Amino acid sequence: MSISARDDCSASVPRRVCFNGSNRDFRRIVFRSAVLLMATLGLYRFWYKTDVRCFLWAHTEIDGLPLEYAGTAMELLRGFLTAFVIILSIYSVAFIVVLNLGGYATEMTVAAVVALLFLSQVGTYLARRYRLTRTVFRGLRLRQTGSALGYSIYAAGWWILAALTLGLGYPFTRAALERFKMRNTFFGDLGARFDAKGGWLFLRVFPIWLAVAVPASVTIVSLAQIRWRDVLVAMPGAGSFLARAEAVSPGFTESITSAAVSGAVCLAMIALLVPWFHAIIIRWWISGIRFGEIATLSHLPARNVYAAYLRFAAYVFVFVLAIAVMTIAVFPLIGLIFDGRKSQISEIVTVLLFVTIYFISVFGSIALYHTTVALPVWRNVADTIELVGDRSRLERVHAAGEASSPLGEGIADVLNVGGL
Amino acid sequence: MRSYPAIYFDGLTSTLHEVTIRLLPGRIVISNAGGNSLDEWHYSRLRRFNAPARLLRLGLRKNDRLSRLDIADQDAAREIGHACPEIDRSGAGARAERKRTIAWTFAATFSLVLSVMDGIPAIADRLVPAVPPVMEQRLSNAADGRIRSMFAGRNDDRPFECGIGTAEAPGQAAFEKLIEKLKAGADFKLPLKVVVIRRHVTNAVTLPGHIYVFQGLIDEARNPDELAGVITHELGHLANRDAIRSLLQATGLSFVFGSLLGDFVGGGATVFAAKIVSKLAFSRRREAEADDYAVRAMVALKANPRAFANFMERVAGARNRGSIFIAHPATPDRVAHINAITRSYHSGVISLLEDSEWAALKEVCSGYR
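Calculation criteria
Residues numbered from 1 in each chain as written. Chains lettered and ligands numbered in written order. Predicted model: local features only at pLDDT ≥ 70, side-chain atom pairs only at ≥ 80, totals over all residues. Heavy atoms only, no water. Helix = DSSP H or I, 4+ residues; strand = E, 2+ residues; numbered from the N terminus. Buried < 20%, exposed > 50% of the residue type's maximum accessible area, 1.4 Å probe, protein only. Contact = heavy atoms within 4.5 Å. Areas by Shrake-Rupley, 256 points an atom, 1.4 Å probe, with all protein chains shown as cover. Disulfide = S-S within 2.5 Å. Pairing = 2+ DSSP bridges. Phe/Tyr/Trp six-rings, centres within 6.5 Å; stacked < 30°, edge-to-face > 60°. Lys NZ or Arg CZ within 6 Å of the ring centre and 35° of its normal. Salt bridge = Lys/Arg side-chain N within 4 Å of Asp/Glu carboxyl O. Axes fitted to C-alpha atoms, helices over the stretch in contact; angles between N-to-C directions. Core = buried A, V, L, I, M, F, W, Y, C linked by side-chain atoms within 4.5 Å. Expected span 1.5 Å × (residues − 1). Bend = angle between axes of the 7 residues up to and from the residue. 1 Å grid on protein atoms, 1.4 Å probe; cavity = no way out; pocket = protein on both sides within 12 Å on 5 of 7 lines; lining within 4 Å. Points joined across faces, edges and corners; volume = space filled by probe spheres on them. Nonpolar A, V, L, I, M, F, W, Y, C, P; charged D, E, K, R; others polar. Parallel < 35°, antiparallel > 145°, perpendicular 65-115°, else oblique. Left-handed = near helix turned anticlockwise from the far one by under 90°. Polar contact = N/O pair within 3.5 Å; in protein donor to acceptor, adjacent residues only side chain to side chain.

Chemist: Explain the overall build of chain A here, please?
Modeler: Helices and strands together make up the secondary structure of chain A, namely 14 helices and eleven strands. Over its C-alpha atoms, taken along the principal directions, chain A stretches across nearly 80 × 55 × 55 Å. Looking at chain A residue by residue over its 420 residues, the buried ones come to 47%. For chain A, the proportion of contacts with a sequence separation of at least 24, taken over those separated by at least 6, is 74%. For chain A, the exposed area adds up to about 20000 Å²; of that, 71% sits on carbon and sulfur atoms.

Chemist: Quick question: what am I supposed to make of the state of the cysteines here?
Modeler: What is meant by a disulfide is a covalent connection between two cysteines, made through their sulfur atoms. Residues and elements named next belong to chain B. Considering all chains together, one arrives at one disulfide over all chains under this definition. Disulfide pairing places Cys162 opposite Cys365 at an S-S distance of 2.0 Å. An S-S torsion of about 105 degrees defines the bridge between Cys162 and Cys365 as right-handed. Within this pair, whereas Cys162 is found in the loop between helix H3 (133-152) and helix H4 (165-186), its partner Cys365 is found in the segment after helix H11 (355-362), the two being separated by 203 residues in sequence.

Chemist: Which parts of the structure should I look at to understand the sheet that holds strand S6 (residues 140-144) of chain A?
Modeler: Think of a sheet as strands paired side by side through backbone hydrogen bonds, with each pair either parallel or antiparallel. Across the sheet, which stays open at both edges, the eight strands sit in the order S4-S5-S6-S7-S8-S9-S10-S11 (chain A) with antiparallel pairing between neighbours. Two strands in the sheet have a free side with no partner beyond their single neighbour: strand S4 (68-69) and strand S11 (385-388) of chain A.

Chemist: Please explain the packing of aromatic side chains as it appears in this structure.
Modeler: The relation between two aromatic rings is expressed through the spacing of the ring centres and the mutual angle of the planes. By the definition in use, this model includes 24 aromatic pairs over all chains. Between A:Tyr358 and A:Phe359 the ring centres are 6.5 Å apart and the planes differ by 50 degrees, which places this aromatic pair in the tilted class. What makes A:Phe359 buried here is its relative accessible area of 6%. When the ring centre of A:Phe80 is taken as origin, the NZ or CZ atom of A:Arg45, which lies over that ring, is 5.0 Å away. Positioned above the aromatic ring of B:Phe49, the side-chain terminus of B:Arg68 is 3.6 Å from the ring centre.

Chemist: I would appreciate a short explanation of unusual backbone geometry in the present structure.
Modeler: The phi angle of most residues is negative, glycine excepted, and most peptide bonds adopt the trans form. Residues and elements named next belong to chain B. Even without glycine at this site, Lys62 takes up a positive phi of about 45 degrees. Relative to the helices and strands, Lys62 is located in the loop between strand S6 (56-60) and strand S7 (68-71). Although it is not a glycine, Lys302 adopts a positive phi angle of roughly 55 degrees. With respect to the helices, strands and loops of the structure, Lys302 is situated in the loop between helix H8 (267-300) and helix H9 (307-319).

Chemist: Would you explain the pattern of salt bridges in this entry?
Modeler: All chains considered together, the criterion is met by 32 salt bridges over all chains. Residue B:Arg68 is joined to A:Glu68 by a salt bridge in which the shortest nitrogen-to-oxygen separation is 2.7 Å. Placement of the pair is B:Arg68 in strand S7 and A:Glu68 in strand S4, with the two residues belonging to separate chains. With a relative accessible area of 3%, B:Arg68 lands in the buried category. Notably, a salt bridge pairs B:Arg314 with B:Glu226, separated by 2.9 Å at the nearest N-O pair. Linking B:Arg314 in helix H9 with B:Glu226 in helix H6 (residues 224-239), this pair joins segments that are 88 residues apart in sequence. Taking the relative accessible area as the measure of exposure, B:Glu226 reaches 5% and is therefore buried.

Chemist: Honestly, the sheet that holds strand S8 (residues 193-197) of chain B in this entry has me stumped. Any pointers?
Modeler: All names here are of chain B. Pairing is mixed across the open sheet formed by three strands, whose spatial order is S8-S10-S9. Only two strands of the sheet have a single partner each, and these edge strands are S8 and strand S9 (204-207). Across the sheet, the axes of successive neighbouring strands diverge by a mean angle of 15 degrees, strand direction being ignored. Sheet analysis places S8 next to strand S10 (residues 210-214), joined by five bridges and oriented parallel. Bridge pairing in S10 links Lys193 to His210.

Chemist: Before we go on, may I ask you to explain the nonpolar core in this structure?
Modeler: Soluble globular proteins tend to pack their nonpolar side chains together in the buried interior. By size, the foremost hydrophobic cluster in this structure holds 96 residues, and its most contacted members are A:Phe46, A:Leu56, A:Phe187 and A:Phe291. For this core, the element with the highest residue contribution is helix H13 (residues 344-383) of chain A, accounting for twelve residues. If near-sequence neighbours (up to four positions away) are discounted, A:Phe187 is found in contact with A:Phe137, A:Arg138, A:Leu140, A:Arg141, A:Leu142, A:Phe291, A:Leu394, A:Val397 and B:Ser14. Among the nonpolar cores identified, the runner-up in size contains 41 residues, and B:Ala221, B:Phe308, B:Ile338 and B:Trp358 belong to it.

Chemist: What should I look at first to understand helix H11 (residues 252-288) of chain A in this one?
Modeler: Every α-helix winds through 3.6 residues per turn, so residues three or four apart in the chain are directed the same way. Its 37 residues give H11(A) an end-to-end C-alpha distance of 50 Å, which sits within 8% of 54 Å, the value for a rise of 1.5 Å per residue. Bending of H11(A) peaks at approximately 40 degrees at the position of A:Leu273, with proline A:Pro275 no more than four residues after it.

Chemist: Is there a simple way to think about empty space enclosed by the protein in this case?
Modeler: The gaps of empty space that remain are located by a probe, the size of a water molecule, rolled over the atoms. Enumeration according to the criterion identifies four cavities of 30 Å³ or more in this entry. Size it by volume and the second largest cavity reaches roughly 50 Å³. If you trace the second largest cavity, you find it lined by A:Leu65, A:Pro66, A:Glu68, A:Val136, A:Phe137, A:Arg138, A:Gly139, B:Phe9, B:Arg57, B:Arg68 and B:Asp70. Of all the elements in the fold, those that place two or more residues in the lining of the second largest cavity are strand S3 (65-66) and strand S5 (135-137) of chain A together with S7 of chain B. Residues of the lining of the second largest cavity, tallied by class, amount to five nonpolar, one polar and five charged.

Chemist: Looking at this structure, I do not really get the packing of helix H8 (residues 198-224) of chain A against H11(A). What am I missing?
Modeler: Helix packing geometry: the angle between the two helix axes and the distance between the axes. Residues and elements named next belong to chain A. Put simply, H8 and H11 touch, their axes get as near as 7 Å, and they point 165 degrees apart. Overall, the two elements H8 and H11 adopt an arrangement that is roughly antiparallel. Note that H8 runs across H11; the crossing there is left-handed.

Chemist: Would you mind showing me how to read the pairing of strand S2 (residues 17-24) of chain B here?
Modeler: Within a regular strand, the side chains alternate between the two sheet faces. All names here are of chain B. As paired strands, strand S1 (residues 3-9) and S2 are joined by six bridges and run antiparallel to one another. Across the sheet, residue Tyr4 finds its bridge partner in S2, namely Ile21. One ladder, built from five bridges, connects S2 with strand S3 (residues 27-31); its direction is antiparallel. In the sheet register, Thr20 faces S3, and the bridge partner there is Ser31. Between the antiparallel neighbours S2 and S3 lie two residues, among them Gly26 with a positive phi of about 85 degrees.

Chemist: How should the side chain of B:Glu226 be read in this particular structure?
Modeler: A polar side-chain atom of B:Glu226 sits 2.8 Å from the main-chain amide nitrogen of B:Arg222. Beyond its immediate sequence surroundings of up to four residues, B:Glu226 is in contact with B:Glu220, B:Ala221, B:Ala307, B:Asn310, B:Phe311 and B:Arg314.

Here you go:
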């Protein structure tokens, strides 16, 4: 069959999943969009998301057949506008209530934040439904059942557990939520489930947790031993600050040194272990997915994820240097143009320049992340998936379900929890 | 007429059909290996779907079924593209549409920024009269508690307010007399509590129903008129209800810019910029109006309306070099404005306090040194 005979994926006949999108095409999408996002203050994001999804889906093949993304940017825009109106009304009511209750402003604000966090979980679940029903394979769509409200209650409970256990419960939270999502996931009439165990993940990520938590707790304990109020009072004055601080808070030098060292160790651990953590989570997650009797197994090597992050770090370093040079060059220029006079115009120009530099940094870093981490990881994940079980079942699936509304993507977007 | 190989999914099951397609005038006939026709698609209903570049993936518009035809043969794809330009095989149509979209998005962004920057303050102005003062009062009572706890800790055991105890009582009496005079002069009728705070900062802070005058301000003032100028300026903010106005504005701006423009990629910066720029544009107006109010009050009291400008110039002029991060507009502009509108006025014919009262007021915080 001519369709499965391609350059990129043909070498991998036993591998049934592969990704064959070119880095260059992806870079073109990402960097062109970055400029447009900047110029439209982010409004272009609906088109950007859709372009990226189309690219990733179309170049991911299962048994030589590419996935198809059937969503459109206009749908995302519509979902966003609907969600915007809904959340605007919630905000307005909350604002009026806060004004009415003055004295309880803090409590009301907390309640509003909790309500919005809850709503963001509803949005996340609905957004997943949208993405699945816009994913077409073999002429059938994927779909998701289950109530978004039910999911958000369930998720709230599990996230509270993860928070209360300082992250130790995270693997179990993750497993429970994936079980919920996957048992509500279908390819046509073929039901999915999630078989990976939270305990397995816990054993793998516990060393990472330990490597970060130990230095972090040393930092916290050291900082807690300093009598901050007295030190702050003693801050201004002549002579050695350390001596004065030591006088009001005995052991200050020792505590601050150990806090600095352990804080640095903690940050270094996070930087070193994030790629590993990322790889473990992906391997665990992929290997837990079942569609009927078909299982997916991930053989993603952690070193590939490390390589992606390393490249990202190198690019970001160069990028930050460039931004710094630009900033240093721009400010004397303002001084020259306005000749040291302070006027409203010069203030506005300065603010706008600040914002432009900020935008370039943010959009630039996101573009770098998408090209150096997101795409290579997606590629590596796809290329290292093994399908186990009777794949002929995939050829006897019947259609079911229909396209769902993009409202969830809108809610997630308005509440800033949306992603690609 | 030629036949080409293709892959067909009927949209009912996932079964892959290796088919032959024949391109007839106006339609495509899809038949299986046995020569039986599986489906017939009219060009008028064709639509191209997302697929890698090497494939032409077709389906039907407005179809409940997701039937798909994957055509890898480039000749076939070309021929269909010619016969049915609507499918936009080259993507030129999509690119043109994308250009239009980008143009519209630019226009939308531009008009949004303009209308939000102008519209939200305008909406806030209209809403302010609709907010009952009692609401404002409740908010500020809550804020009062926070201000007190914020400053209390740094004051050791000394009371938060000045004018406490016998040593500070005469100063407090003089201060209260001054406030009553100013309220009368400004015809200010809203509920108000003015206190002196034991902190060496040359400033005054206003919340609805509350003015906090810092000790540093009294220390720096050389005569009652200078202090009175600052306080009547703050009375102006209260009379104009600027606190609730800026609260409404800030809430509106954060919401619209934060969510409409999205934090997907840095809406936070947009909110920040919007706040600063709107502050530059609108807080200047609020300050100027409060200055005008102060001048009117001082003129009505036959006190020196220029004293405030001198005071500002002397105290703030040294430090506030028009930083963008301060709410008050560049001091020289305000000083010039006040001097301009008071040119024809006297420099004060009646003193607001007796010399002895002023001396006592200067010592209002001296009891707890």
